[in-house]
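Given next are the chains, with one letter for each unit.
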Amino acid sequence: MKSSQKLTKEQLDPYFLEWDRIAADLTILHRQRNKRSKEVIQAGIELYHQLLAHCREALQDSGFQPLNGSERLSFVESSPGTYAAYRQLDELFSELKKTIARKRIDLKRLNE
């Protein structure tokens, strides 16, 4: 199976839809200053790891990630209960989506 076939919208959308659900929950929890946000963001962190692993496997590139992704993820993991960590994880998902789109375009050009 080609790398581009593993990076299809159909395969990746469930990750991003699940993140949208988690992010909506986190927005409410942070607004309420609910300590449960720490538990909920852990699900987001795990989802991000799964998505990143899927992309790395599909591209056969163990270094694939957004700019400064590992440092930013370390920040999120070290302070999961903070609003700043939630915003940073949200940005990581957003940037990963853009990075995947660019990679799809590159792969499409290579295959033409």
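Structure: see above.
Residues numbered from 1 in each chain as written. Predicted model: local features only at pLDDT ≥ 70, side-chain atom pairs only at ≥ 80, totals over all residues. Heavy atoms only, no water.

The way to describe two aromatic rings as a pair is by their centre distance and the angle between their planes. Inspection of every chain in the model, using the stated rule, returns four aromatic pairs. Arranged with centres 4.5 Å apart and planes meeting at 5°, the rings of Trp-19 and Phe-93 form a pair that is stacked. Of this pair, Trp-19 sits in helix H2 (residues 9–31) while Phe-93 is found in helix H5 (residues 83–111), placing the two residues 74 residues apart along the sequence. The exposure class of Trp-19 is buried, given its relative accessible area of 2%. Pairing Tyr-48 with Phe-93 gives two aromatic rings, centres 5.4 Å apart and planes at 75°, and the pair type is edge-to-face. With Tyr-48 in helix H3 (residues 37–59) and Phe-93 in helix H5, this residue pair connects regions lying 45 residues apart in the sequence. (Phe/Tyr/Trp six-rings, centres within 6.5 Å; stacked < 30°, edge-to-face > 60°. Helix = DSSP H or I, 4+ residues; strand = E, 2+ residues; numbered from the N terminus. Buried < 20%, exposed > 50% of the residue type's maximum accessible area, 1.4 Å probe, protein only.)

The next point concerns the nonpolar core. Judged by nonpolar contacts, the single largest core of 30 residues is most densely connected at Leu-12, Trp-19, Tyr-48, Leu-51, Leu-89 and Phe-93. The set of elements that each furnish at least two residues to this core consists of H2, H3, helix H4 (69–78) and H5. If one sorts the elements of this core by residue count, H3 sits on top with 10 residues. If we ignore the near neighbours within four places in the chain, the residues touching Phe-93 are Phe-16, Trp-19, Gly-44, Leu-47, Tyr-48 and Leu-51. (Core = buried A, V, L, I, M, F, W, Y, C linked by side-chain atoms within 4.5 Å. Contact = heavy atoms within 4.5 Å.)

A few words now on unusual backbone geometry. A positive phi is found at Arg-33, a non-glycine position, where the angle reads about 55°. Judged by relative accessible area, Arg-33 falls into the exposed class, the value being 75%. We note that Gln-60 has phi near 50°; this positive angle belongs to a residue other than glycine. Mapped onto the secondary structure, Gln-60 falls in the loop between H3 and H4. Residue classification places Gln-60 among the exposed residues on the basis of a relative accessible area of 73%.

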